[in-house]
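Below, each chain spelled out in residue letters.
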Amino acid sequence: MGFPQTRMRRLRATDSLRALVRETTLEPGHLIYPLFICPGQSIRREISSMPGVFNLSIDEALREAEEAASLGIGGLLLFGLPESKDEQGSGGYDQNGIVQQALRALKQSAAAKQLVLIADVCLCEYTSHGHCGIVAETSRGFEVENDSSVDLLARTAASLAQAGADIVAPSDMMDVRVAAIRKALDTAACANTPILSYASKFASAFYGPFREAADSAPQFGDRKTYQMDGANLREAMREIDLDLEEGADMILMKPAMPYLDVIRAARQRVDVPIGAYQVSGEYSMLIAAFEKGWLDRDRAILESLLGIRRAGADFIATYFAKEAAKLLGA
């Protein structure tokens, strides 16, 4: 029936009515807080392109974990900045690597035990050239080799799981890496460690600030031969299907805001848990608008995250996790 019998505004009249009929919810437990771990003690070094985000020594990361747990945040996503780099990215699979050290320390923390510890699996932070795998010279110039890179990624995942990661999250976009990681985990007596695959990670301009945060900018070329073309939705669905066939337990979409249609399509296609990453460029873009006074900070933070949830994400990795959790608990 139409107006005046049907009046859509009736259910918007009060806060309590709006809450009663709200279709999408956002809670602190839906949020994952990324941390960038660096060597040293008492280090809290702000990232210039990401105000409010820091490179943290392990002792400082423990303090962040305690606060995140107290706010009811769902988990942490860990990235590492090694003391040195090489062409093989050996810091990624070193049993005494920076993230491995952090995982062991976090596992000793009572507060951190309330959090799901997710370890990013990639080589870009650890390679001297900044690419996500092994680089070799071919007739077309320097290229990232797929199969040799997969071997090292699987080794990295097993090392992180043995150090205490609750979830390993390959973000490299090499072909068949999920199957190799699943085999490596099973062989390493980590058969119960889930794989959260960055199943459709797009070659995006929105990663710029992250490359400062993780010191992972490519020293030559770009990542378009292994990360996805932003124009391709159907290809993203193929990537998701293949990763699930190979043994992924969950999938992650990255970036979030420019690819909400991909999150929605994935949600309609599969019934596994889906995460989305509100990446560095999305964060920095909003921060810049806040600093200019162009957007209401509190409302825009929650609205941006609610939109990602509404598109279909079960959980969201976001640099706003602590701030959003405080707003939600207010």
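Rules behind the numbers
Residues numbered from 1 in each chain as written. Predicted model: local features only at pLDDT ≥ 70, side-chain atom pairs only at ≥ 80, totals over all residues. Heavy atoms only, no water. Helix = DSSP H or I, 4+ residues; strand = E, 2+ residues; numbered from the N terminus. Buried < 20%, exposed > 50% of the residue type's maximum accessible area, 1.4 Å probe, protein only. Axes fitted to C-alpha atoms, helices over the stretch in contact; angles between N-to-C directions. Parallel < 35°, antiparallel > 145°, perpendicular 65-115°, else oblique. Left-handed = near helix turned anticlockwise from the far one by under 90°. Contact = heavy atoms within 4.5 Å. Polar contact = N/O pair within 3.5 Å; in protein donor to acceptor, adjacent residues only side chain to side chain.

Visitor: Could you give an account of unusual backbone geometry, with specific residues and numbers?
Guide: A cis geometry characterises the amide bond from Phe3 onward to Pro4, with omega recorded as 10°. Within the secondary structure layout, Pro4 lies in the segment before α1 (15–20). At the junction of Lys254 and Pro255, the peptide bond is cis and its omega measures out at -10° in the coordinates. Of note, Pro255 is situated in the loop between β10 (250–254) and α8 (260–269). The residue Val176 is not glycine, and still its phi comes out positive at about 70°. Looking at where Val176 falls in the secondary structure, it is placed in the loop between β8 (167–170) and α5 (177–187). By relative accessible area, Val176 is classed as partly exposed at 48%.

Visitor: Before we move on, could you go through the packing of helix α4 (residues 146–163) against α5 and cite the residues and values that matter?
Guide: Where α4 contacts α5, the two axes come as close as 8 Å, and the packing angle between them is 45°. One element, α4, and the other, α5, form an angle in the oblique class. Crossing angle aside, the handedness with which α4 passes α5 is right-handed. The residues of α5 that touch α4, namely those facing Val150, Leu153, Ala154, Ala157, Ala158 and Ala161, are Arg177, Ala180, Ile181, Ala184 and Leu185.

Visitor: Explain the side chain of Asp59 residue by residue, including any values.
Guide: Among the secondary structure elements, Asp59 is positioned in helix α2 (residues 58–70). Judged by its relative accessible area of 17%, Asp59 falls in the buried class. At a separation of 2.5 Å, a polar atom in the side chain of Asp59 contacts the side chain of Ser57. The residues touching Asp59, leaving out its near neighbours within four places in the chain, are Gly40, Gln41 and Ser42.

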